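# Architecture and fold: a report
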Amino acid sequence: MSDHYMLHDGILFPKMVHDDISLNYATNEFQVRDDDVFNVTYPKCGTVWMQEILTLIKSNGDTEAFLTIPNWDRVPWIEQMTAKQLLENQPSPRLITTHLPAHLAPKSLYNSKAKVIYTTRNPRDACISLYHFCTSISFLETPKNLDDFVQKFLKGEVMFGSWFDHLKGWLGVKHKVEIMFQTYEDLLKDPRGSVIKICKFLEKDLDEKAIDSVVAHSSFKSMKENKMSNWSLVPPEMMDRKTPFMRKGQSGDWKNHFTKEHIDLFDATYKEKMKGMDVKFSWDSL
Ligand code: A3P
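Below: a short report on this structure. (Residues numbered from 1 in each chain as written. Predicted model: local features only at pLDDT ≥ 70, side-chain atom pairs only at ≥ 80, totals over all residues. Heavy atoms only, no water.)

### Re the site of the ligand
T47, S129, Y184, K248 and G249 are the nearest of the 18 residues found near the ligand. At a separation of 2.9 Å, a nitrogen atom of the ligand approaches a polar backbone atom of S218. One nitrogen or oxygen atom from the main chain of K248 is found 2.6 Å from an oxygen atom belonging to the ligand. The fraction of the free accessible surface of the ligand (570 Å²) that becomes covered by protein chains is 97%. The site holding the ligand turns out to be the largest pocket. Looking at the shell around the ligand, the elements that each hand over two or more residues are α2 (47-58) and α12 (220-225). Of the residues contributing to the shell around the ligand, the split by class is 8 nonpolar, 6 polar and 4 charged. (Near = heavy atom within 4 Å. Polar contact = N/O pair within 3.5 Å; in protein donor to acceptor, adjacent residues only side chain to side chain. Areas by Shrake-Rupley, 256 points an atom, 1.4 Å probe, with all protein chains shown as cover. 1 Å grid on protein atoms, 1.4 Å probe; cavity = no way out; pocket = protein on both sides within 12 Å on 5 of 7 lines; lining within 4 Å. Sits in = over half its atoms within 2 Å of the grid points. Helix = DSSP H or I, 4+ residues; strand = E, 2+ residues; numbered from the N terminus. Nonpolar A, V, L, I, M, F, W, Y, C, P; charged D, E, K, R; others polar.)

And the structure:
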């Protein structure tokens, strides 16, 4: 295993921002409040995008927090070492991010009325996005090459484990928590319709002007220009500027990277892992 990671419950976590104490805190100690809202994703499936949407919905489209507070402080990751300090004294309603699989999520979530938005993305695009992210971030293992990385991704030997297990885990708790499933692709195709659906789920009654503001400010262009969203505040020794965090923001970029071998391996693994699942995605038969 690379020095960059630690194993917790058989899953790889970047050591620089997680340890057993922070992970145990998230699962066993964190007290979920009924009005908490959870932004749950597997990495590179739209986490930061949803952080922006939730921030702007919470403020009725007002941009002050969006323009003045970094996204990792506005909608903190519960599993990171900074979570306790950022979340415990935060007034309600809190917005909380997590990449944790469902079985490591806070136990108190399952006895609460907190709302969970689970955003997922075509795993082929998540894989390519993660590949580029790992090449640019110093606290993640630099991929040897794309062949090796695709194999690792499909085996779940990347941070936060397997995309498949993550999705299955959260689908498996859909009767235990108030959860809404969202795809990155639907957000791209219909941002306004998606924002309206999210507001409905959150029981937030925004007027047309506020919805316009949420949609406009959470666009790729607006987030790419906002230093509180685009990760340009990450010190240059931790993040190589050649691959920006707001990289392409598209669906289907995998087609520009995968060879025929990658496609075949991905398709065979996808078929096998998704067998028997009663859920359909736009990318199932690509
Ligand atoms: P790409 O690397 O494919 O460009 P996460 O926040 O889960 O780490 O995901 C990051 C991915 O989401 C990156 O994908 C990033 O560009 C994309 N993204 C972030 N905000 C977006 C937005 N407003 N619209 C479209 N894509 C966005």
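On we go from here.
### Re the packing of aromatic side chains
Scanning the model with the defined rule gives 19 aromatic pairs in all. Judged by centre distance (5.9 Å) and plane angle (90°), the ring pair of W72 and W231 falls under edge-to-face. In this pair, W72 is assigned in helix α4 (residues 71-74) and W231 in the loop between α12 and α13 (260-274), connecting sequence segments 159 residues apart. Ring plane angle 5° and centroid distance 4.5 Å describe the contact between F281 and W283, whose orientation is recorded as stacked. Among the aromatic residues, those joined into a ring-pair cluster are Y42, F153, W254, F258 and F266. (Phe/Tyr/Trp six-rings, centres within 6.5 Å; stacked < 30°, edge-to-face > 60°.)

### Notes on the side chain of T97
With respect to the helices and strands, T97 occurs in strand β4 (residues 95-98). Polar side-chain contacts of T97 include one of 3.3 Å to the side chain of N39. Other than its neighbours up to four places away in sequence, T97 contacts N39, T47, Q51, V75, P76, W77, I78 and E79. (Contact = heavy atoms within 4.5 Å.)

### Points about the environment of Y184
Positionally, Y184 belongs in helix α9 (residues 184-189). Overall, the relative accessible area of 7% leaves Y184 in the buried class. When the C-alpha positions of Y184 and S232 are compared, they lie 23 Å apart, and in sequence the two are 48 residues distant. Contact partners of Y184, with chain neighbours within four places excluded, come to C45, G46, W49, T119, T120, R121, G249 and Q250. (Buried < 20%, exposed > 50% of the residue type's maximum accessible area, 1.4 Å probe, protein only.)

### Concerning the packing of α2 against helix α10 (residues 191-202)
Helix-helix packing is described using two parameters, namely the angle between the two axes and the distance between the axes. Running from N to C, α2 and α10 point in directions that differ by 60°, and their axes come no closer than 11 Å. Classified by the angle their axes make, α2 and α10 are oblique. In this structure, α2 crosses over α10, and the sense of that crossing is right-handed. In this structure, α2 contributes M50, I53, L54 and I57 to the contact, and α10 contributes V195, I198, C199 and L202. (Axes fitted to C-alpha atoms, helices over the stretch in contact; angles between N-to-C directions. Parallel < 35°, antiparallel > 145°, perpendicular 65-115°, else oblique. Left-handed = near helix turned anticlockwise from the far one by under 90°.)

### Looking at the layout of surface pockets
Approximately 950 Å³ is the volume attributed to the largest pocket. Taken together, 45 residues make up the lining of the largest pocket; nearest its centre are K44, V48, W77, W231 and F245. Taken together, the elements giving at least two residues each to the lining of the largest pocket come down to α2, α4, α6 (123-136), α9, α10 and α12. In terms of residue class, the lining of the largest pocket is made up of 30 nonpolar, 10 polar and 5 charged. (Points joined across faces, edges and corners; volume = space filled by probe spheres on them.)

### A few points about empty space enclosed by the protein
Applying the stated rule across the entire model yields 3 cavities of 30 Å³ or more. The space that makes up the largest cavity amounts to roughly 100 Å³. Every residue lining the largest cavity is listed: Y5, E141, T142, P143, K144, N145, D148, F149, K152, E157 and V158. With 3 residues, helix α7 (residues 146-155) is the single largest residue contributor to the lining of the largest cavity. Residue classes in the lining of the largest cavity are distributed as 4 nonpolar, 2 polar and 5 charged. Its volume calculated, the second largest cavity comes out at about 60 Å³. Every residue lining the second largest cavity is listed: K44, S129, H132, F133, S136, T243, P244, F245 and R247. Partitioned by chemical class, the residues of the lining of the second largest cavity number 3 nonpolar, 4 polar and 2 charged.

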